[in-house]
Structures are given as structure tokens and as C-alpha cells.
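Here is what each chain is made of, one letter per residue.
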Amino acid sequence: MNRVLSLLLALTLGSSALACTPAQSAQRAQAAARATVTQRMNTAAFVYGFLYSNVRHDVQIGAPTIRGKVATVRGTLSIRATERASGKAVQGRYPGTVTLSKVGACGWKVTGYKQG
């Protein structure tokens, strides 16, 4: 009966319903951090486009530190652009830490960000 229930859960809820290895959990936390930062930077690039042209960004994400149901991931965001008014190239590197919370058996959700 337990095997049938496990199989049914896996088929209806997907593999995230089952426990994952620590390595899989770390990979998923890292991927969630990268995806969230990238998505937010893509949105911000649209707004920056009014003042800057050629806005480009690069996200470097380190290995997560996982303690129970909380993970932290350190990384660096690099931004390059050209000021529309002056034509001057500008760039910056911004280190920061993303905080994530465990969702379900193997998922992660970004819950915070701290620059520095």
C-alpha cells in the first residue's frame, strides 16, 4: 500500500513530492537564487533603459549554505551600460546574499536579499 501511495504521489505531484538528496537540494536552491536575480534584473533593465543604453548584467552565484529549511547563497551581480546623455560607459559590481526558504520536499523560494 505504501509503495502504491508513493507512486501515486509521484505521478500526480511530480518528483518534487519526493525527498531529494542534499546535492539536489543545493542545486535547486542555487537555481532558484539565480533565476530570481536574473528575472528581477531583466525587469530593472527595462526601467534603466530610459537613462542608459546597452544595459547588460551578469549573475555569478556561489554554492548555497543550507541549514535546515533555510539556505543562503552569496553571489555577485555585474552591470554594464552606457549613459544616454553623455555616452559614457558605466559599470558596477554588487556582491550580495540571497536567502531562501524550503518549499515542500525539495523546492526553494527566495525570501530575501541583502547587498554587501
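Relevant structure appears above.
Residues numbered from 1 in each chain as written. Predicted model: local features only at pLDDT ≥ 70, side-chain atom pairs only at ≥ 80, totals over all residues. Heavy atoms only, no water.

### Here we look at the overall build of the protein chain
Rules: Secondary structure elements follow DSSP: runs of H or I no shorter than four residues count as helices, runs of E no shorter than two count as strands, and numbering proceeds from the N terminus. Three labels apply to residues, based on accessible area from a 1.4 Å probe with only protein chains included: buried if under 20% of the type maximum, exposed if over 50%, partly exposed otherwise in between. In this description, contact between two residues means that some pair of their heavy atoms is separated by no more than 4.5 Å. Note on areas: Shrake-Rupley, 1.4 Å probe, and residue coverage restricted to the protein chains presented here.
Counting secondary structure elements, the protein chain contains 2 helices and 5 strands. Looking at the protein chain as a whole, 27% of its 116 residues are labelled buried. Contacts in the protein chain between residues at least 24 apart in sequence constitute 45% of all its contacts with a sequence separation of at least 6. Surface accessibility of the protein chain: about 7,900 Å² in total, with carbon and sulfur atoms responsible for 57%.

### Thoughts on the pairing of strand 3 (residues 70-83)
Our working definition: Should DSSP find at least two bridges between two strands, the strands are taken to pair.
Sheet topology note: the strand 1 (residues 52-61)/strand 3 ladder contains 8 bridges and is antiparallel. From the neighbouring strand, Ser 53 faces strand 3, where its bridge partner is Thr 82. In this sheet, strand 3 lies alongside strand 2 (residues 65-67) in antiparallel orientation, the contact comprising 3 bridges. Counterpart to Ile 66 in the pairing with strand 3 is Ala 71.

### Examining the state of the cysteines
Applied cut-off: For the purposes of this analysis, a disulfide is any pair of cysteine sulfur atoms at a distance within 2.5 Å.
Under the criterion given, the structure shown has 1 disulfide. The disulfide that involves Cys 20 links it to Cys 106, with 1.9 Å between the sulfurs. With the S-S dihedral at roughly 110 degrees, the linkage between Cys 20 and Cys 106 falls on the right-handed side. You can see Cys 20 sitting in the loop between helix 1 (2-13) and helix 2 (22-48) and its partner Cys 106 sitting in the loop between strand 4 (89-103) and strand 5 (107-115), a full 86 residues away along the chain.

### With respect to the side chain of Ser 78
The condition that has to hold: In protein, a polar contact means a hydrogen-donor-capable atom and an acceptor-capable atom, both N or O and within 3.5 Å, with residues adjacent in sequence counting only if both atoms are side-chain atoms; elsewhere, any N or O pair within 3.5 Å suffices.
Note on placement: Ser 78 falls in strand 3. Polar contacts involving the side chain of Ser 78 include one to the side chain of Arg 93, which spans 3.5 Å. With residues near it in sequence (within four places) discarded, Ser 78 still touches Arg 56, His 57, Asp 58, Gly 92 and Arg 93.

### Notes on a nonpolar patch on the surface
What counts is decided by this rule: Patch members must show over 30% relative accessible area and no salt bridge, and they are joined within 9 Å when carrying like charges or within 5 Å when they are nonpolar side chains of Val, Leu, Ile, Met, Phe, Trp or Tyr. Each reported salt bridge corresponds to a side-chain nitrogen of Lys or Arg within 4 Å of a carboxyl oxygen of Asp or Glu.
Together, Phe 46, Val 47, Phe 50 and Leu 51 make up an exposed nonpolar region whose accessible area comes to about 500 Å². Assignment of secondary structure puts Val 47 in helix 2. A residue is classified by how much of its surface remains accessible, and Val 47, at 52% relative accessible area, is exposed.

Purely geometric numbers; function is a separate question.
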